[in-house]
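Each chain is listed here by its residues.
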Amino acid sequence: MRILLAEDDAALAERLQPLLEQAGYVVDVVADGRQAEEIGQVEDLQAAIVDLGLPGLDGLSVIERWRGNGRDFPVLVLTARGRWHDKLAGFDAGADDYLTKPFQADELVLRLRALIRRSHGHASPRLQCGPLQLDVNAGRFDLDGQALALSPQEFRLLSYFIHHSGQVIGRDRLGEHVFDGGHDPDSNALDVLLGRVRRKLGADLIQTVRGQGWRLTAP
């Protein structure tokens, strides 16, 4: 799933990006508020992590502009400003959660997973589709109670499907949330990846909807 990390501390961004990718996300990293605002307006993001002290356009203004234009993906504020009125300003701007620096990296991942899960209407940290279950907090898929061994790309693909269970997902949309650096629509990489995942599932959980895309549904 694709997320945005807007952080002008280069060392922190370099530390967080691989951690977030290991947790199953495709990560767009920017260090400028205007770039962050533009990406949030046009890209299909599942969430954003935003530092309040961004150059060009501060984080509060970025969030306010997103919300003013109807962009409703969850936003986690990441900042050194720990005073109550700073937190209140972040929530008033439209943020969904607030994490103060310094922080534990595992807590950031857990909070992000919870925000994305709740934004899709899932109250439980365990998402179910027939025999397939995702433990969001543990970052693990089980099939019929047995752990599934998945590559990072396979995990991202299946995670996006189960968060959008029952929805038809087109090729371009799916590719954007699976592949780092974008997806070439003329490539067969997505078909190969889907084939591998379907073989591991061993059931007709991912259905082809002719001319539209694919859908994860319980048999």
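Summary of the structure given here. Just so you know, these numbers come straight off a predicted model, no measurement behind them.

**Digging into the overall build of the chain**
When you go through the chain residue by residue, the secondary structure sums to eight helices and eleven strands. Its C-alpha radius of gyration of 18 Å places the chain within 12% of the 17 Å reference for a compact globule of 219 residues. Referenced to the eigenvectors of the C-alpha coordinate spread, the extents of the chain come out at roughly 50 × 35 × 30 Å. Residues counted as buried form 47% of the 219 residues belonging to the chain. Intrachain contacts of the chain at a sequence separation of at least 6 include 58% that bridge at least 24 residues. For the chain, the accessible area works out to roughly 10,000 Å², and carbon and sulfur atoms hold 45% of it.

**As for the pairing of strand E4 (residues 75–79)**
In terms of burial, E4 is a largely internal element, five of the five residues being buried. Burial along E4 is two-sided: Val 75, Val 77 and Thr 79 and Leu 76 and Leu 78, pointing in opposite directions, are all buried. Where strand E3 (residues 47–50) and E4 come together, three bridges link them in parallel fashion. Looking across to E4, one finds that Ala 48 is bridged to Val 75. Chirality of the crossover, the property in question, places the unit of E3, helix H3 (residues 59–68) and E4 among those that are right-handed. The pairing of E4 with strand E5 (residues 97–100) spans four bridges and is classified as parallel. Its bridge partner being in E5, Leu 78 is matched across the sheet by Leu 99.

**A closer look at the pattern of salt bridges**
Considering all chains together, one arrives at eleven salt bridges under this definition. The partner of Asp 96 in a salt bridge is Arg 67, and the shortest N-O contact between them spans 2.9 Å. With Asp 96 in the loop between helix H4 (84–93) and E5 and Arg 67 in helix H3, this residue pair connects regions lying 29 residues apart in the sequence. Note on Arg 67: relative accessible area 23%, which makes it partly exposed. Of the charged contacts, one joins Glu 154 and Lys 200 as a salt bridge, the two residues approaching to 2.7 Å between their closest N and O atoms. With Glu 154 in helix H6 (residues 152–163) and Lys 200 in helix H8 (residues 189–201), this residue pair connects regions lying 46 residues apart in the sequence. Given the relative accessible area of 2%, Glu 154 is considered buried.

Scoring rules and cut-offs
All residue numbers refer to position in the chain's written sequence, counted from 1. Given that this is a predicted model, residues contribute local features only at a pLDDT of at least 70 and side-chain atom pairs are listed and counted only at 80 or more, while totals for whole chains, interfaces and linings are drawn from all residues. No hydrogens and no water enter the side-chain calculation; it runs on all heavy atoms of the structure. Segments assigned H or I by DSSP are reported as helices when at least four residues long, segments assigned E as strands when at least two residues long, and all are numbered from the N terminus. Atoms counted for the radius of gyration: C-alpha only. Globule rule: 2.2 Å times the number of residues to the power 0.38. Exposure classes here rest on a 1.4 Å probe applied to the protein chains alone. A residue is buried below 20% of its type maximum, exposed above 50%, and partly exposed in between. By definition in these notes, contact holds between two residues if any of their heavy atoms fall within 4.5 Å. Each accessible area is a Shrake-Rupley result for a 1.4 Å probe, and residues are judged covered by the shown protein chains and nothing else. Strands are labelled as partners when DSSP assigns at least two bridges between them. By definition, the crossover connecting two strands over a helix is right-handed if that path, from the first strand to the second, turns clockwise as seen with the strands pointing away from the viewer. Only one rule defines a salt bridge in this text: a Lys or Arg side-chain nitrogen within 4 Å of an Asp or Glu carboxyl oxygen.

Distances and angles like these do not, on their own, reveal function.
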